[in-house]
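Fold and geometry: a report
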Amino acid sequence: MTETGRSVLAESASAPVLQLIWSRALIVGMGCVLAGLLALPGRTATTKYVNDLFVFLDGAHRIAHGQVPNVDFHSSLGPLTFYLPAAGYGLSGNMGGAMPVGMAILVLLLAVVAAEIVGRRMHWLVGLPLAMFLLLIAAAPANPGERVGELTFAMFYNRVGWAALGLLQVMYLPRLPGAGGSRGVDAACASFLVVLTLYTKITYGVVALAFLFFMLFDRRQVAWAALAFGIIAAGISVIEIAWRGGANYLADLSLASINSGGLPTLTALSHVTRNNLADLLAYLTIAVVLLILTPSYRHLLFTGFCGATGILLIEQNFQIVGILTLGAGAAVMTESVFRAELHSQYGKARLALPLLLAFLLLPGAVGNAGSLLIHSYYAVGSRGKPIPLPAFSEIRLVQMWSAGQYEYFEDYNRTLVDAAAALSQIRTGDERVAVLDFVNPFSAGLGLTPPVGDSVWYHWGRTLGPDYHPAAEEMFAEVDFILDPKWPIEIWTGNGLRDLYAHYIARHYEMVRETADWRIYRRRAS
């Protein structure tokens, strides 16, 4: 960093109250702008993973009908994965607003937490770019590591987890001198982030708990870390009293873990390392500078934790590039170096740190900002083709530059029209529908009463398999019609479900309609 940059840091250290006020205000302002870009259009634009989007909309629809996650329906994802879009659905009044409005709520909450954590622990030169980077991860309707403009709310739980872990990593730093704050506020922020991850996707929650345990061994911060564990324990108890789905959640997670396999192989980890080599090298360079200039076992453990957990998390995601713990970890290390009282001869070594940090933060931030703006452009103008189910009319399929994606989901939408037309001819009342495929879009899309006892998401080799799967008597207990797709959106899942439950369907159902795309079975009168 230049002498000018160092003087700015020194000035901000001498005036912490002023820095705290305006940096916190800027972070909250960032969150408001991002939330507005998401929520104000009130529509969803998507280019890919449409079937994944239907998972969350089905969950929101079930909650609107009074169902409770992991009590009335199965899911290996946490209940917040469905309550967030349910909140968006309730506020917007339509399925097109469910995901963007739900995510806008979360971005605002994360902005408030980020203002408290980053504003009190980082100089603005490092803290503001990091806060924007983390908030854009949560706000952008895009799967991390994919091309700008590939719009999707699919797997949004991964983005929530990355952003929450990034904010937790900043809490490795003690508060700035004179920045104020209290242990109670720190504990509340940390516990919010941990509970958020535990009830969204538990792998991130486990990492968050491990980091909080690590903070217990910092004598400067042990008080708020211990208090956070107490708040988390109390919070989980209150949630369980209200929810009563904790045991079922663990059972669904166990089923998914059995079908998904065990620990990652060395081959899989080597692929992750190779695909993210440039980011890892930049991160390691910052880590080496930190450990040479300010040697510490705690620094060594912190840098290793951020890198190792990031690699393990991305390996079990549907994601190739973008180990997003590296950016936050690098920002914390950069802040640590510039806080240290170092001899002037190390100035050149420190000069490289902001450049390396920009290399880790800037591409992701620019890409996510671009995707968010493109989504707003398409959503405001109602561009693209509406999903052809009545309740999904405010969800638009738009064409971008990925070859084949648009046509693939247009074909899928055509099969939805075929099924909806057939159901309208044979349904006689409030009958419930199940689909032998990745997801059931018809309950939410046609406004039908959802069945109880089934799952919002089937994925062969992930949530079920040939040996471990839900019992047919539970899955189809309240199902009047079973739709068997001839061209399933996820072929392995469609074929697997058909094979697993063929005998049960043959005993209890009869085929009443066959179309170009579907076989439809009705429960026998007996």
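All residue numbers refer to positions counted from 1 along the written sequence of the respective chain. Confidence filtering applies because this is a predicted model: local features only for residues at pLDDT of at least 70, side-chain atom pairs given and counted only at 80 or more, and all residues used for totals across whole chains, interfaces and linings. The side-chain values count all of the structure's non-hydrogen atoms but skip hydrogen atoms and water molecules.

Points about the confidence of the model for the protein chain
To keep it simple, the criterion reads: Values of pLDDT, which run from 0 to 100, indicate the predictor's confidence residue by residue. Here, residues are in contact when the closest pair of their heavy atoms is within 4.5 Å.
Across the protein chain, the average pLDDT comes to 92, with 95% of residues at or above 70. Note on residues 1-15: pLDDT is under 50 here. Beyond four places in sequence and across chains, it has 24 contacts.

Digging into the pairing of strand β7 (residues 518-523)
To keep things clear, this is the line we draw: Strand pairing requires that DSSP identify at least two bridges connecting the strands. Working definition: helices are DSSP H or I runs of at least four residues, strands are E runs of at least two. Numbering for both runs from the N terminus.
Summarising the sheet, strand β5 (residues 481-485) and β7 pair through five bridges and their orientation is antiparallel. Looking across to β7, one finds that D484 is bridged to R519. The sheet contact formed by strand β6 (residues 509-514) and β7 spans five bridges and is antiparallel. Counterpart to Y509 in the pairing with β7 is R523. Following β6, the chain reverses through three residues before pairing antiparallel with β7.

A look at the pattern of salt bridges
Just so we agree on the cut-off: When a carboxyl oxygen of Asp or Glu is within 4 Å of a side-chain nitrogen of Lys or Arg, the pair counts as a salt bridge.
Following the criterion strictly, the structure yields 20 salt bridges and no others. Bridged by salt links that share partners, the residues D484, K486, R498, E514 and R519 form one connected network.

Observations concerning the packing of helix α6 (residues 124-139) against helix α15 (residues 325-339)
The cut-off we apply is this: Interaxial angle, 0 to 180 degrees, is taken between N-to-C directions of lines fitted to C-alpha atoms, where a helix line uses only the stretch in contact. Orientation is classified from the angle alone, with under 35 degrees giving roughly parallel, over 145 giving roughly antiparallel, 65 to 115 giving roughly perpendicular, and any other angle giving oblique. Each residue gets one of three labels, nonpolar for Ala, Val, Leu, Ile, Met, Phe, Trp, Tyr, Cys and Pro, charged for Asp, Glu, Lys and Arg, and polar for the others, Gly among them.
Two elements in contact, α6 and α15, have axes whose closest approach is 10 Å; the angle formed by their N-to-C orientations is 170 degrees. As far as their axial angle goes, α15 and α6 are roughly antiparallel. In this structure, α6 contributes V126, L130 and F133 to the contact, and α15 contributes G327, A328, A331, T334 and E335. By residue class, the composition of the contact of α6 with α15 is five nonpolar, two polar and one charged.

A look at helix α9 (residues 202-215)
One full turn of an α-helix is made of 3.6 residues, so residues set three or four places apart face in the same direction. Using the following cut-off: Given a helix with a known number of residues, its expected span is that number minus one, times 1.5 Å. When a residue's accessible area, from a 1.4 Å probe over protein chains only, is under 20% of the maximum for its type it is buried; when over 50% it is exposed; and in between it is partly exposed.
Taking 1.5 Å as the rise per residue, α9 with 14 residues should run 20 Å; its terminal C-alpha atoms sit 20 Å apart, in good agreement. Buried within α9 we find Y204, G205, V207, A208, F211, L212, F214 and M215. The inward-facing, buried residues of α9 contact α7 (156-170), α8 (183-198), α10 (222-243) and α14 (297-315).

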